[in-house]
Amino acid sequence: MGTSSQSTTIIETEDDVPNSNQFCDEAAMCIVSVKGLKENWQKWSNEHREYQKLNPFSHGTRPSVAAPQRGQDDYGKPLQGSMTEQRGKDAHTHISREVEELCEVIRNIGEPGDKDGDGGDDGKVVTVDFRKLFEHYVTISNKLVGVLLRARKQRLVDFEGEMLWQGKDDHAVITLLP
């Protein structure tokens, strides 16, 4: 029972009697025993139980550590190095790219103007009507209003009102801030 770079699964029974039906691939050599499967399952089960003790949303166990309280640095944040933290970082990167793309589209299809409307050179901005932006951007993404709201939160664009509605707000002016 040596090992090589090839792998086959052989299931060993308690009697350690090999059976020709137990080979799933003749080109491989990986041995898995029922005892080994049981040990791996038990190891996973123990690790999961410990993880659940730290999970504040798990109702079956009491947390063994104090849950973070409001005002603490780690309150409302996933564990460092967890998959949840990585998914959050990936989502943030994706949304940031969409906001940058929206700003670029506004720069390309918008009309240059000045922030004050007095013709001065101090506050150059780009403006576009919501309808024109919607018609152009709909081929890029169906999330225009959500991305606009995110861009306004980051102080990259400005427009009147809380929300923009297709049809009702077609003539609303969206301003790309300098």
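Structure's up top.
Asks: Teacher, can you tell me more about the pairing of strand β4 (residues 124-129) here?
Replies: Regular strands have side chains that alternate between both faces of the sheet. By the bridge criterion, four bridges tie strand β3 (residues 111-114) to β4 in an arrangement that is antiparallel. Bridge pairing links G113 to V125 in β4. For β4 and strand β6 (residues 173-176), the ladder comprises four bridges, and the chain directions are antiparallel. Across the sheet, V128 pairs through a bridge with I174, a residue of β6.

Asks: Teacher, can you tell me more about the nonpolar core here?
Replies: The tendency in soluble globular proteins is for nonpolar side chains to be buried as a group. Grouped together as the largest cluster of nonpolar side chains are 21 residues, with contacts concentrated most on L102, I106, L133, L148, V157 and I174. Where this core is concerned, the elements lending two or more residues are α2 (83-109), β4, α3 (130-137), α4 (144-153) and β6. Tallying contributions element by element places α2 first for this core, with six residues. What L102 contacts, discounting residues up to four positions off in sequence, is L133, Y137, L144, V147, L148 and A151.

Asks: Which parts of the structure should I look at to understand α2?
Replies: Two residues of an α-helix separated by three or four positions point the same way, owing to the 3.6 residues in each turn. Compared with an ideal rise of 1.5 Å per residue, which puts 27 residues at 39 Å, α2 spans 39 Å between its outermost C-alpha atoms and is within 8% of the ideal. Residues of α2 that are buried: E85, E98, V99, L102, C103, V105, I106 and I109.

Asks: Please explain the environment of F134 as it appears in this structure.
Replies: Tracing the chain through its elements places F134 in helix α3. In the structure, F134 is positioned 32 residues away from Q166 in sequence and 8.0 Å away in space, judged by C-alpha atoms. If we ignore the near neighbours within four places in the chain, the residues touching F134 are L144 and Q166.

Asks: Any chance you could explain unusual backbone geometry here in plain terms?
Replies: With the exception of glycine, most residues fall at negative phi, and the peptide bonds are largely trans. Look at R155: it is not a glycine, yet its phi comes out positive at around 60 degrees. One can find R155 in the loop between α4 and β5 (157-158). A relative accessible area of 69% means that R155 is categorised as exposed.

Conventions and cut-offs
- Residues numbered from 1 in each chain as written.
- Predicted model: local features only at pLDDT ≥ 70, side-chain atom pairs only at ≥ 80, totals over all residues.
- Heavy atoms only, no water.
- Pairing = 2+ DSSP bridges.
- Helix = DSSP H or I, 4+ residues; strand = E, 2+ residues; numbered from the N terminus.
- Core = buried A, V, L, I, M, F, W, Y, C linked by side-chain atoms within 4.5 Å.
- Buried < 20%, exposed > 50% of the residue type's maximum accessible area, 1.4 Å probe, protein only.
- Contact = heavy atoms within 4.5 Å.
- Expected span 1.5 Å × (residues − 1).

That is the geometry; function is a separate question.
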